[in-house]
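Read off the chains here:
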Amino acid sequence: KKNAPAADTREVADKVIFYLNKARAEIGGGELSKISSLTRYAEYRSSQLISNFAHDPGDWNKAAEATGYGKYIDLSESGGTPQGYYDIGAREAIAMAGIVGSTDRIAETLAQIIIDSPRHWSYVGSDEMKYTGVGVSCNSDMWYATIMVTNTTDYEN
């Protein structure tokens, strides 16, 4: 599958959540619940990773603006040109893998990258995090995942 259809990327994303929750259960953590607005944000972010695989604040703002997720923080002086950023109230983990196989195998691989990263797993696996949105994109047999986790639904729209 050089470029996967949307149905496959959504299936992989849901299975990533399954594997993350399985790993959280093994350490006594609660399950992450999928929330829709954060999922749309994560889907947008995963498509950005194809050309810029990075935790990029400029891309975060573009994703928030495009999806309506988050709260805009205006830093301009009153009457000045609007300047600011979006507070998304969530943490991001990203993964990339060149893999061919079933949606299940792809999802397990992407989830395992995060589980095996102490830096990412410290918050993705944290029992403080209650909600998630996962987006997955595929380009030329490279799979990109954005895993967003948060402890609040205050940013849902």
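Residues numbered from 1 in each chain as written. Predicted model: local features only at pLDDT ≥ 70, side-chain atom pairs only at ≥ 80, totals over all residues. Heavy atoms only, no water.

**Q** Go over the nonpolar core with me, naming the residues and quoting the values.
**A** Among soluble globular proteins, nonpolar side chains are generally buried collectively. If you look at the biggest cluster of nonpolar residues, it comprises 30 residues, and the most contacted ones within it are V16, L110, V124, W143 and I147. Of all elements in the fold, only α1 (6–26), β4 (91–98), α4 (103–115), α5 (118–124), β5 (131–139) and β6 (142–150) reach the threshold of two or more residues within this core. Top contributing element to this core by residue count: α1, with seven residues. V16 has contacts with A107, L110, A111, V134 and I147, leaving out every residue within four places of it along the chain. A64, I88, A90 and Y155 belong to the second largest nonpolar core, which has eleven residues in total. (Core = buried A, V, L, I, M, F, W, Y, C linked by side-chain atoms within 4.5 Å. Buried < 20%, exposed > 50% of the residue type's maximum accessible area, 1.4 Å probe, protein only. Helix = DSSP H or I, 4+ residues; strand = E, 2+ residues; numbered from the N terminus. Contact = heavy atoms within 4.5 Å.)

**Q** Describe unusual backbone geometry, naming the residues involved and giving the relevant values.
**A** Backbone geometry places S140, a non-glycine residue, at a positive phi of 50°. Note on S140: relative accessible area 41%, which makes it partly exposed.

**Q** Describe the packing of aromatic side chains, naming the residues involved and giving the relevant values.
**A** Under the defined criterion, the tally for this structure stands at five aromatic pairs. Taken together, a centroid distance of 5.1 Å and an interplanar angle of 75° make the contact between F18 and Y19 edge-to-face. We classify F18 as partly exposed; its relative accessible area is 48%. Ring geometry for Y41 versus Y69: centroids 5.8 Å apart, planes at 45°, classification tilted. Of the two residues, Y41 sits in helix α2 (residues 36–49) while Y69 sits in the loop between α3 (57–67) and β2 (71–74), which places them 28 residues apart along the sequence. By relative accessible area, which is 0% here, Y69 ends up buried. Counting every residue linked through ring pairs, the aromatic cluster contains Y41, Y69 and Y155. K71 extends its terminal NZ or CZ atom over the ring of Y155, reaching a point 4.5 Å from the ring centre. The positively charged end of R91 is found above the aromatic ring belonging to Y123, 3.8 Å away from the centroid. (Phe/Tyr/Trp six-rings, centres within 6.5 Å; stacked < 30°, edge-to-face > 60°. Lys NZ or Arg CZ within 6 Å of the ring centre and 35° of its normal.)

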